Amino acid sequence: MSGFRLADGGRIDRRTKRTFSFDGKAQWGYAGDSLASALLAQGQMLFGRSFKYHRPRGILGAGVEEPNALVTVDRGPGRMTPNLRAPSVPVHDGLTATSQNRFPSLKTDLIAVNNVFSAFFPAGFYNKTFMWPRAAWEKVYEPIIRRLAGLGDSPTTRDPDHYDATYAHCETLIVGAGPAGIAAALDAAAGGGRVFLIDEQEEIGGGALSDPAQWAWLAEATAKLAAMDNVTVLSRTTAIGHYHQNFVVAAERLTDHLPVGEAHGPREKLWRIRAGEVVLAMGAIERPLVFEGNDVPGVMLASAARTFALRYGVAVGRKIVVMAVHDSGWRDALALQAAGVPITAIVDLRRDIDPALADAARDARIACYPGYAITSVSGSLAVKGATIALAGVGKGQKLDCDAVLMAGGWTPTVHLWSHAKGSLRWDESWGAFLPDKTHENLRCVGACAGAWDFGSGLSVGLLPAPKPLHESKAFVDFQNDVKARDIGLAVQEGFRSIEHIKRYTTNGMATDQGKTSNLNGLQIASDVLSRPVTEIGLTTFRPPYTPQSFGAMLGHHKEALFQPLRKSGIDDWAQAHGAVYENVAQWRRARFFPQGSEDMDAAVARECRMVRSSVGVFDASTLGKIEVVGPDAAEFLNRMYTNPWKSLEPGRCRYGLLLGEHGFIIDDGVSARLAPDRFHLTTTTGGAARVLGMMEDYLQTEWSDLDVWLTSTTEQWAVIAVQGPRARDVIAPLVEGIDLSPEAFPHMAVREGTICGVETRLFRVSFTGELGFEVNVPAEHGRKVWEAIWAEGEKHGAAAYGTETMHVLRAEKGFIIVGQDTDGTVTPDDAGLGWAVGKKKPDFVGKRSLARPDIVAPGRKQLVGLLTDDAQDVLEEGAQIVADPNQPVPMTMIGHVTSSYYSTTLGRSIAMALVAGGRDRMGETLYIPMPGKTISAKVLAPMFYDAEGSRLNG
Amino acid sequence: MLLIHCPYCEEARPEVEFVYGGEAHIARPLDPSTYSDGEWEEFLYIRSNPRGRHHERWRHTHGCGRFFNAVRDTVTDVFETTYKAGEARK
């Protein structure tokens, strides 16, 4: 209990109390307090337990750089946010916050035993220790490690909030509303252009909020900005990333600062701002110092203590020692002392101190120890004292204190500069990387540009200490529990690049992305390697600047709006008739139509029986469709597809096979020639957009001399497949103007006429092996025509069938599904479709590749049929196939099962597979090892039913 | 997000309206059957992959639908220029 509320000062409203709870205990603060300042004022020093060792941790910083004091804020079911930084959480009435990573409580953490055994948890420990046996990782080590190490818990219930999103455009965007940012905004606004000024804090002002001398100016500037029509000021808004061409994404927090009952509207709003010029005024973050005990609660940044005192009216201790290597520590100490915060001593590693600072400190009755360093801090849950020594190695001297402030110099906040690929240069006087060159219209101002007077100082890694490095418990990365000696160990084990050292030690890889640890880690690596910092390299900052909610990223794109769900015009009929759906690409398709208590197998068996014995009706509207029109349409298709098209007569259909230039199958479909210059193409459901894009590519860029027009007509036509021996009887009463007799309308023909009075393109085609028609009608008439066909079908006992039955029926015939029986490495010959390749054609897309050495080499995987020896065994699709089940593991896999179903028609299972040299293995027995048993199957041609095709011609 | 100038629409539009189309100025041979296996491999798979100026194809898919060419710096992602399909390499 050492922090306390100062009698006056700060920007808090002392007339308005706020009550809240922390770890279940009632607490209070003032309006304007952060969770950190309110608790510090109550004497709370302990805020969290560290990630790996569960060491007690207090507050380090006063802003988003805070690595230790992570809290979970609970705003009701589904509204629990972990890993918030206590200094950035404003208090409001009813705020419910809890500390993290402790069990059972913050003061008594049983897992802190890790700390006692910390010698066994060095860098790379997990990688080295938990390697073997492999199975134990998943079952034993990982669950334990996850329990022991970690941050807050993820919410487990659905987030009920909604999130807004918007685009904005402006001439000038300024990120960071400290004095430099505000000055830049006023300057830009005077030019008349649109100006955005955004800042992550509760109010604008940045560093000026901690400097009462600037408050009058700040109030004036804030009012001036508010009065300008061309200026938009957004506070509580974090610029999370800079993307190409000055596209900045920022998240505005709209309601989290309000009591739950007063929070209406969206929780956050994601701004996507395109700016002519971006000005980064993101300031600088003070660097901690690395010494033994620098993580004891009560050790914090000097600048943080200054902010707590001057902005929030809170003293962080009653006897405070400052450990500085930089002038700014002295200035902060003097400002704190003047504000009534008791500073007892300033320790500085430098022997030569600016006389003006030294004199001022003496005048303020502060003891000064130039040339000294803190060598240890006593206390466990709070600072109880510090030991100092001349140059870190002299005789130890104890200082009585309850808080230690660190002033290690400043690191400019160049994160967004780096997102934009701006280069950095090492500045010796700052001991930090400063912005150098960029190709964007982007500049830095103020402290993040190095243009700020913090005074001067040393750039040090580990403070000099009596203990050797490998015994030191000085921390570099507080959030990931990385010690100076871990970096030493990484170097000793051969790591040289900072990118490798970072990943091995996890320095800078926690949720704070190393805002306070990167430079210290770099400096220590540089010292250990005896090479300049500039040769060690620098890790790359990536968005987001601070952790960001998924909600804001998604905006409105969730649930039904996550992605479009495409439905055919017949979809609602299917829904009314109890269809079970599956999603195919973005389409919702009826998978099967269960009756009564039928499961899928029973429904599919019945649907298959009806199609084979009478008739079935199927909604095929999702097929991709392209209208190809123009004098050169036939020539164009002839070049695109493997098949010959020029000879196809109007009124006829052809199965088309489309290859990539690499010779592998990428799509197929039946297409019809309606007139010499007009084709109705169909593609696979999922391939429609891709095929159209590919055709446009060739048409526009390779064969722009061809006079052809391509139009996507997928959604213009409803397609109703009527399949089965009674198919003609079903549609006959409805069709006008088309002679349906087998002689006048043979298989693979197309006719135009009307059905139910609606224009139709009637295809006589079959994906089932039965007599079949596909009725194309304009989409808006699809439902009406479907119902008429259904009414006729019912007279014949018709079944509506779904995609599952469609799959079984086509597999019985050995028809492939592109993407299921092919995988992007399958040629027409591999798939047994060599007949579809026009041998006399001089060229088509992919033809040259079919003569490549690897394509004509023997032993390629070929599509074959498989019949399991046990007719009731249904193979698993994707299962691997071997020739000899008795060979040692790992076995030589010669192929895999691509399609497998139970065929009611045949009373047994059937399968297709891609098998090396498959067509030379006819009659062979192959083996499919599965958990618990090995299934044997015989190879045959992939054709299980009506091989002569007589049923097609009914 | 990149802003890309479509030479057909004559307007800079956001990247989401476009799809990338690979390296530009790789013409499909008029008669691929005259290509040796090595030449065909070169055509199919071998790309220049430069550090710096890169000639590449884009398609304004969610706009005019046209393919065009661009010169983009692969280090900075800055577009130097865009030009219509069929125009000489820039």
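Figured I'd write up the structure that's included with this text. Source: prediction; values computed, not measured.

1. Section: the overall build of chain B
Consideration 1: Secondary structure assignment for chain B yields 1 helix and 6 strands.
Consideration 2: Mapped in sequence order, the helices and strands of chain B form the string β-β-β-α-β-β-β.
Consideration 3: For chain B, the spread of C-alpha atoms along the three principal axes comes to 40 × 30 × 20 Å.
Consideration 4: For chain B, the proportion of its 90 residues judged to be buried stands at 39%.
Consideration 5: When the accessible surface of chain B is totalled, it reaches about 5000 Å², and 50% of it is carbon and sulfur.

2. Examining the overall build of chain A
Consideration 1: Of regular secondary structure, chain A possesses 23 helices and 50 strands.
Consideration 2: Out of the 954 residues in chain A, the part that is buried amounts to 57%.
Consideration 3: Pairs at least 24 apart in sequence give 66% of the contacts found in chain A among residues at least 6 apart.
Consideration 4: Surface accessibility of chain A: about 38200 Å² in total, with carbon and sulfur atoms responsible for 54%.
Consideration 5: Taking the 98 positively charged and 108 negatively charged side chains of chain A as two groups, their mean positions are separated by 4 Å.

3. Some thoughts on the interface of chain B and chain A
Consideration 1: Contacts between the two partners involve 25 residues from chain B and, on the opposite side, 26 residues from chain A.
Consideration 2: Here chain B packs against chain A, burying approximately 2200 Å² in sum over the two surfaces, 47% of which is carbon and sulfur.
Consideration 3: Where chain B meets chain A, there are 5 salt bridges.
Consideration 4: On inspection of chain B and its partner chain A, the count reaches 17 residue pairs in polar contact (both at pLDDT 80 or more).
Consideration 5: When residues of the side of chain B that touches chain A are traced back to their parent elements, those giving at least two are α1 (37–45) and β4 (53–59) of chain B.

4. Comments concerning the pattern of salt bridges
Side chains that carry opposite charge are capable of pairing whenever their charged atoms lie near each other.
Residue and element names in this part refer to chain A.
Consideration 1: One pass over the full model with this rule turns up 60 salt bridges over all chains.
Consideration 2: Arg 55 serves as the salt-bridge partner of Asp 295, at 2.6 Å between the closest nitrogen and oxygen. Residue Asp 295 is found in the loop between β15 (284–286) and β16 (299–301), and its partner Arg 55 is found in the loop between β4 (48–49) and β5 (56–57); the two are separated by 240 residues along the sequence.
Consideration 3: What makes Arg 55 buried here is its relative accessible area of 11%.
Consideration 4: Note that Lys 319 is salt-bridged to Asp 400, the shortest N-O span being 3.1 Å. Of this pair, Lys 319 sits in the loop between β17 (314–315) and β18 (320–324) while Asp 400 sits in strand β23 (residues 397–400), and the two are 81 residues apart along the sequence.
Consideration 5: Look at Lys 319 and you get partly exposed, because its relative accessible area is 33%.

5. A look at helix α12 (residues 498–505) of chain A
Residue and element names in this part refer to chain A.
Consideration 1: Within α12, the full set of buried residues consists of Ile 498, Ile 501, Lys 502, Tyr 504 and Thr 505.
Consideration 2: The N-capping residue of α12, defined by a side-chain oxygen 3.0 Å from the backbone nitrogen of Glu 499, is Ser 497.
Consideration 3: Thr 506 lies just past α12 and shows a positive phi near 65°.

6. Regarding the sheet that holds β4 of chain B
Residue and element names in this part refer to chain B.
Consideration 1: The strand order across the open sheet built from 4 strands is β3-β4-β5-β6, with neighbouring strands paired in antiparallel fashion. Where the open sheet ends on each side, the last strands, each with one partner, are β3 (19–23) and β6 (79–84). With strand direction ignored, the average angle separating the axes of adjacent strands in the sheet is 30°.
Consideration 2: The sheet contact formed by β3 and β4 spans 3 bridges and is antiparallel. Of the residues in β4, the one forming a bridge with Tyr 20 is Trp 58.

7. Re the nonpolar core
Consideration 1: With 83 residues, the main nonpolar core has Leu 35, Phe 291, Phe 308, Met 323 and Leu 405 of chain A as its most contacted residues.
Consideration 2: Aside from chain neighbours lying at most four places away, what touches Phe 308 of chain A is Ser 34, Ala 36, Ser 37, Leu 40, Ile 59, Gly 61, Ala 62, Met 300, Gly 313, Val 314 and Val 316 of chain A.

8. Looking at the environment of Asp 256 of chain A
All names here are of chain A.
Consideration 1: By the element assignment, Asp 256 lies in the loop between β13 (247–253) and β14 (268–280).
Consideration 2: Of the residues examined, Asp 256 reaches a relative accessible area of 23% and is grouped as partly exposed.
Consideration 3: A sequence separation of 20 residues divides Asp 256 from Arg 236, and the C-alpha atoms of the two residues are 9.9 Å apart.

9. Regarding the pairing of strand β11 (residues 231–234) of chain A
Residues and elements named next belong to chain A.
Consideration 1: Of the strand pairs in this sheet, strand β10 (residues 195–198) and β11 are connected by 4 bridges, and their pairing is parallel. Bridged to Phe 196 within β11 is Thr 232.
Consideration 2: In this view, the connection linking β10 to its parallel neighbour β11 by way of helix α6 (residues 215–226) has right-handed handedness.

10. So, the packing of helix α11 (residues 484–492) of chain A against helix α13 (residues 518–529) of chain A
Geometry of a packed helix pair, given as the angle between the helix axes and the separation of the axes.
Residues and elements named next belong to chain A.
Consideration 1: Packing of α11 against α13 brings their axes to within 9 Å, and their N-to-C directions diverge by 45°. As judged from the angle between their axes, α11 and α13 are oblique. For the pair α11 and α13, the crossing hand works out as right-handed. When α11 is examined against α13, the residues Ala 484, Ile 487, Gly 488 and Val 491 are found in contact with a partner set consisting of Gly 521, Ile 524, Ala 525, Val 528 and Leu 529.
Consideration 2: Among the residues forming the contact of α11 with α13, the class breakdown is 7 nonpolar, 2 polar and no charged.

11. Some thoughts on the sheet that holds strand β7 (residues 80–85) of chain A
Residue and element names in this part refer to chain A.
Consideration 1: Overall, mixed pairing links the 5 strands, which are arranged β3-β2-β8-β6-β7 in an open sheet. The sheet is open, and its two edges are formed by β3 (25–31) and β7, each paired on a single side. Neighbour to neighbour, the strand axes of the sheet diverge by 35° on average, direction disregarded.
Consideration 2: Relative to β7, strand β6 (residues 70–74) is paired through 4 bridges, and the arrangement is antiparallel. Looking across to β7, one finds that Val 73 is bridged to Thr 81.

12. Overview of the packing of helix α7 (residues 302–310) of chain A against helix α8 (residues 327–338) of chain A
Residues and elements named next belong to chain A.
Consideration 1: Between α7 and α8, the least distance of the axes is 9 Å, while the angle of their chain directions is 25°. Put simply, α7 runs roughly parallel to α8. Crossing angle aside, the handedness with which α7 passes α8 is left-handed. Across the interface between the two elements, Ala 302, Ser 303, Ala 305, Arg 306, Ala 309 and Leu 310 from α7 touch Arg 331, Asp 332, Ala 335 and Leu 336 from α8.

13. Remarks on the environment of Ala 250 of chain A
Residue and element names in this part refer to chain A.
Consideration 1: Mapped onto the fold, Ala 250 is located in strand β13.
Consideration 2: Spatially, the C-alpha atom of Ala 250 lies 56 Å from that of Gly 834, the residues being 584 residues apart in sequence.
Consideration 3: Among all residues touching Ala 250, those that are not within four sequence positions of it are Ile 198, Thr 237, Thr 238, Ala 239, Ile 240, Lys 269, Leu 270 and Trp 271.

14. Overview of the packing of aromatic side chains
Given two aromatic rings, one states the distance between the centres and the angle between the planes to describe the pair.
Consideration 1: Scanning all chains against the criterion turns up 26 aromatic pairs over all chains.
Consideration 2: Plain terms: the ring middles of Phe 767 of chain A and Phe 815 of chain A are 5.7 Å apart, the flat faces sit at 10° to each other, and that makes the pair stacked. Placement of Phe 767 of chain A in the loop between β42 (758–764) and β43 (772–778) and of Phe 815 of chain A in the loop between α22 (803–812) and α23 (853–856) is noted, with a sequence separation of 48 residues between them.
Consideration 3: With a centroid separation of 6.4 Å and 85° between ring planes, the pair formed by Tyr 35 of chain B and Trp 40 of chain B is classed as edge-to-face.
Consideration 4: By way of ring pairs, the aromatic residues Trp 573, Phe 593, Trp 786 and Trp 790 of chain A are connected into one cluster.
Consideration 5: Here the basic side chain of Lys 17 of chain A rests over the ring of Trp 28 of chain A, its NZ or CZ set 4.1 Å away from the ring centre.
Consideration 6: In this structure, Lys 515 of chain A packs its charged tip against the face of Tyr 545 of chain A, placed 4.4 Å from the ring centre.

15. Comments concerning unusual backbone geometry
Residues and elements named next belong to chain A.
Consideration 1: Note that the residue after Pro 543, namely Pro 544, is joined by a cis bond; omega there is 0°.
Consideration 2: By secondary structure assignment, the location of Pro 544 is in the loop between α14 (533–536) and α15 (550–554).
Consideration 3: Pro 890 follows Val 889 through a cis peptide bond whose omega is 0°.
Consideration 4: Within the element layout of this structure, Pro 890 appears in the loop between β46 (880–882) and β47 (893–903).
Consideration 5: Even without being a glycine, Gln 513 presents a positive backbone phi close to 50°.
Consideration 6: Among the structural elements, Gln 513 can be located in the loop between α12 and α13.
Consideration 7: Non-glycine residue Met 748 carries a positive phi angle of around 65°.
Consideration 8: For Met 748, the location among the structural elements is in the loop between β40 (735–736) and β41 (749–755).

Criteria and cut-off values
Residues numbered from 1 in each chain as written. Chains lettered and ligands numbered in written order. Predicted model: local features only at pLDDT ≥ 70, side-chain atom pairs only at ≥ 80, totals over all residues. Heavy atoms only, no water. Helix = DSSP H or I, 4+ residues; strand = E, 2+ residues; numbered from the N terminus. Buried < 20%, exposed > 50% of the residue type's maximum accessible area, 1.4 Å probe, protein only. Areas by Shrake-Rupley, 256 points an atom, 1.4 Å probe, with all protein chains shown as cover. Contact = heavy atoms within 4.5 Å. Lys, Arg positive; Asp, Glu negative; His and termini not counted. Charge placed at Lys NZ, Arg CZ, Asp CG, Glu CD. Buried area = accessible area lost by both parts, 1.4 Å probe. Salt bridge = Lys/Arg side-chain N within 4 Å of Asp/Glu carboxyl O. Polar contact = N/O pair within 3.5 Å; in protein donor to acceptor, adjacent residues only side chain to side chain. Pairing = 2+ DSSP bridges. Axes fitted to C-alpha atoms, helices over the stretch in contact; angles between N-to-C directions. Core = buried A, V, L, I, M, F, W, Y, C linked by side-chain atoms within 4.5 Å. Right-handed = clockwise from strand over helix to strand, strands pointing away. Parallel < 35°, antiparallel > 145°, perpendicular 65-115°, else oblique. Left-handed = near helix turned anticlockwise from the far one by under 90°. Nonpolar A, V, L, I, M, F, W, Y, C, P; charged D, E, K, R; others polar. Phe/Tyr/Trp six-rings, centres within 6.5 Å; stacked < 30°, edge-to-face > 60°. Lys NZ or Arg CZ within 6 Å of the ring centre and 35° of its normal.

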